[in-house]
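# Coordinate analysis (summary)
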Amino acid sequence: MTLTKPDRGWAWVVMFAACVAQGLQSGICYTVGIIQVALQKRFNSSVAFTSWANGIFIFFISSAGVIGSVIISRYNCRTALLVGSAMMTSGLAASAVVESIELIFVTYGVITGVGAGIVYTATVVVVGLNFEEKRSMATGVAASGAGVGIFIFPPLFQLARSNYGDKGFFLIMACVALNISVFGCLCFPTTLEKNNQTCALNSSSKYLSRSKRICNRFHLFRHVPFLCICLSLLASHLGINLIYVHLTNYSISRGSTDIQASLLTSVIGFTGSLGRLCIGFTGNVDNIYNMVLYFGTFGMLGTATVLFQLYSATYTGQMIYAVLFGTYSGCCYVLLNSITPELVGVNNLALAIGIEMLFAGIGSLIGALMAGVIVDNGGTYESAFTLAGFSVLMAAVFVLSAEAFRYNSQPEKKHNSPEEEAFNIDDTKCNTERNVSILSVIHTQPPLKP
């Protein structure tokens with residue numbers, strides 16, 4: 001089989017395929033609010049117990065990236081996309097026929113969540129392996145597919161639910177997930193991908209040296225500024241996913257129709273794409289510091305959320321909040337692209353990303369469950385959202401703490417403290433090639449991480 005070459009020919013087809021695949025995957029993943037309502041009515045279960053399904057689903061979207069990385073290293077991105085699509089399709093189809101909410105935790109939460117996480121990783125990495133000179137531009141185009149999917153699919157899935165019921169619309173989503181495999185088939189391996197696989201095979205014979213490097217990298221957990229960023233991601237995703245999972249249900253409880261509630265999700269997706277695009281251009285301005293932007297976006301989102309109950313009584317107020325939420329909630333992923341390498345060095349980027357996504361997944365799981373627990377124990381959605389706002393504000397405080405610790409470690413050289421320089425260990429050419437495409441991962445959201 002002839003390998004495709006970066007930046008030319010079939011690489012542009014791969015970029016288009018990744019763009020569409022991200023749109024399909026994100027359209028399903030950002031329907032968690034509608035799924036929450038559907039599962040509650042279908043199984044007549046409490047808010048808190050039903051939230052476990054979405055909590056598990058969101059957690060595995062963030063955490064399954066390591067599985068996707070293993071498949072990509074052992075085989076290729078094309079195989080990873082096919083495996084992820086098959087898992088999403090089978091999990092959603094099984095969710096249409098199971099008879100208990102406990103089985104939904106497995107079919108939807110685990111199987112579909114892992115599949116979505118694999119697809120997310122593969123769609124981003126495959127762009128990095130097909131482009132060199134124009135990688136940033138291609139990554140931006142592919143990432144835009146996620147925003148389009150979030151804008152289009154939630155109202156369509158709500159319409160499918162109205163016509164086909166709480167079971168039938170799971171089958172509709174399964175059909176959408178199956179189409180990811182169609183575009184995955186277009187992602188033929190490239191010369192860069194083949195080189196990465198060769199490097200992985202060669203490095204397997206150097207077990208002792210690799211083990212030594214892995215042991216050295218455990219020092220990341222002693223890197224205080226990096227840990228502050230991880231705690232910031234945990235706190236922010238706790239608040240963000242608490243809102244995301246329950247905003248649809250809250251809007252319906254305030255008198256909105258199902259379609260009106262689903263439109264809030266579409267607005268979040270559209271404004272989220274614009275917000276990430278704007279923050280990406282702003283972050284490239286020399287006089288603007290990324291840590292300040294990171295703090296500012298969480299500060300704005302936290303303040304808007306704390307004050308949400310003051311203007312949430314009307315659908316107009318809810319729509320205003322959806323605009324603010326979408327604009328600011330996903331900016332952290334764009335900014336992490338610059339902040340993380342500054343803290344730990346490019347050679348430790350892959351490990352750092354994995355740790356960051358783990359913290360984000362834990363926060364997502366807690367946040368998805370917390371509102372249900374509060375409402376089921378006599379509280380209100382308004383109080384739960386206020387708690388979410390304070391959690392996001394705490395995330396902003398952790399960002400300031402990260403910058404304070406980094407500044408104090410070496411005031412004369414702010415960006416590279418002695419501790420940070422220790423992480424910039426010389427690595428092999430293979431590791432550099434395998435890490436460079438990971439830079440693209442931060443441009444788009446986990447999983448709900450989303």
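Just so you know, these numbers come straight off a predicted model, no measurement behind them.

Attention now moves to the overall build of the protein chain. Broken down by element type, the protein chain carries 18 helices and zero strands. Out of the 450 residues belonging to the protein chain, those deemed buried represent 56%. Long-range pairs, those at least 24 residues apart, make up 85% of the contacts in the protein chain with a sequence separation of at least 6. Total accessible area computed for the protein chain in this model is approximately 17700 Å², and 67% of it derives from carbon and sulfur atoms.

So, about the nonpolar core. Most often, soluble globular proteins keep nonpolar side chains buried together rather than apart. Among the nonpolar cores identified, the biggest contains 113 residues, and Tyr-108, Phe-169, Phe-170, Tyr-294 and Phe-298 are the most heavily contacted of them. Here the element with the most residues in this core is helix α7 (residues 135-184); it accounts for 14 residues. With near-sequence residues (within four places) excluded, Phe-169 lies in contact with Ile-34, Ile-35, Ala-38, Phe-157, Ala-160, Arg-161 and Tyr-164.

Once that is clear, we can look at the pattern of salt bridges. Scanning the entire structure with this criterion turns up four salt bridges. Close ionic contact of Lys-167 with Glu-99 constitutes a salt bridge, the shortest N to O distance being 3.6 Å. On the criterion of sequence distance, the pair formed by Lys-167 in helix α7 and Glu-99 in the loop between α5 (77-95) and α6 (101-128) is long-range, its members being 68 residues apart. Each of Arg-161, Asp-166 and Asp-258 takes part in salt bridges that share partners, so that together they form one network.

With 30 residues, helix α10 (residues 224-253) should cover 44 Å at 1.5 Å per step; its first-to-last C-alpha distance of 43 Å lies within 8% of that length. Along α10, the largest kink reaches about 50° and is centred on His-246. For α10, a buried count of 24 out of 30 residues is recorded, marking the element as mostly surrounded by other parts of the structure. Backbone geometry just downstream of α10 places Gly-255 in the positive-phi region, at approximately 105°.

With that out of the way, let us pick up the packing of aromatic side chains. Tallying each qualifying case throughout the model produces 19 aromatic pairs. Geometrically, the ring pair formed by Phe-16 and Phe-183 is edge-to-face, given 6.3 Å between the ring centres and 70° between the ring planes. Here Phe-16 is found in helix α1 (residues 10-29), whereas its partner Phe-183 is found in helix α7, with 167 residues between them in sequence. Here the aromatic rings of Phe-308 and Tyr-321 are separated by 4.4 Å at their centres, their planes lie at 40°, and the arrangement is tilted. In this pair, Phe-308 sits in the loop between α12 (290-306) and α13 (315-329) while Tyr-321 sits in helix α13, placing the two residues 13 residues apart along the sequence. Each member of the pair, Phe-308 as well as Tyr-321, is classed as buried.

Here the focus is the packing of helix α3 (residues 47-63) against α10. Packing of α3 against α10 brings their axes to within 11 Å, and their N-to-C directions diverge by 120°. With respect to their mutual orientation, α3 and α10 come out oblique. Pair α3 / α10 crosses with right-handed handedness. Between α3, through Val-47, Ser-51, Asn-54 and Ile-58, and α10, the contact on the second element is made entirely by Asn-241, Val-245 and His-246.

Right, let's talk about α12 for a bit. Between the first and last C-alpha of α12 there are 24 Å, a value that for 17 residues agrees with the 24 Å anticipated at 1.5 Å per step. The buried fraction of α12 is high, at twelve of 17 residues. All of the buried residues along α12 are Asn-290, Met-291, Leu-293, Tyr-294, Thr-297, Phe-298, Gly-299, Leu-301, Gly-302, Ala-304, Thr-305 and Val-306.

Once that is clear, we can look at the confidence of the model for the protein chain. Overall, the prediction assigns the protein chain a mean pLDDT of 78, with 78% of residues at 70 or greater. When pLDDT is averaged over each element of the protein chain, α5 comes out on top at 93 and helix α17 (residues 418-421) at the bottom at 44. Across residues 411-447, confidence stays below pLDDT 50; counting only partners more than four residues off in sequence or on other chains, it has 98 contacts.

So, on to the environment of Thr-303. Note on placement: Thr-303 falls in helix α12. Judged by relative accessible area, which is 40%, Thr-303 ranks as partly exposed. Along the chain, Thr-303 and Gly-389 lie 86 residues apart, while their C-alpha atoms are 6.5 Å from each other.

Structurally, the position occupied by Asp-166 is in helix α7. Within the local environment of Asp-166, its side chain forms a polar contact with the side chain of Arg-161, the two groups lying 2.6 Å apart. Discounting residues that sit within four places of it in the chain, Asp-166 has contacts with Ala-38, Lys-41, Arg-42 and Arg-161.

What counts, and at which threshold
Residues numbered from 1 in each chain as written. Predicted model: local features only at pLDDT ≥ 70, side-chain atom pairs only at ≥ 80, totals over all residues. Heavy atoms only, no water. Helix = DSSP H or I, 4+ residues; strand = E, 2+ residues; numbered from the N terminus. Buried < 20%, exposed > 50% of the residue type's maximum accessible area, 1.4 Å probe, protein only. Contact = heavy atoms within 4.5 Å. Areas by Shrake-Rupley, 256 points an atom, 1.4 Å probe, with all protein chains shown as cover. Core = buried A, V, L, I, M, F, W, Y, C linked by side-chain atoms within 4.5 Å. Salt bridge = Lys/Arg side-chain N within 4 Å of Asp/Glu carboxyl O. Expected span 1.5 Å × (residues − 1). Bend = angle between axes of the 7 residues up to and from the residue. Phe/Tyr/Trp six-rings, centres within 6.5 Å; stacked < 30°, edge-to-face > 60°. Axes fitted to C-alpha atoms, helices over the stretch in contact; angles between N-to-C directions. Parallel < 35°, antiparallel > 145°, perpendicular 65-115°, else oblique. Left-handed = near helix turned anticlockwise from the far one by under 90°. pLDDT = per-residue confidence, 0-100. Polar contact = N/O pair within 3.5 Å; in protein donor to acceptor, adjacent residues only side chain to side chain.

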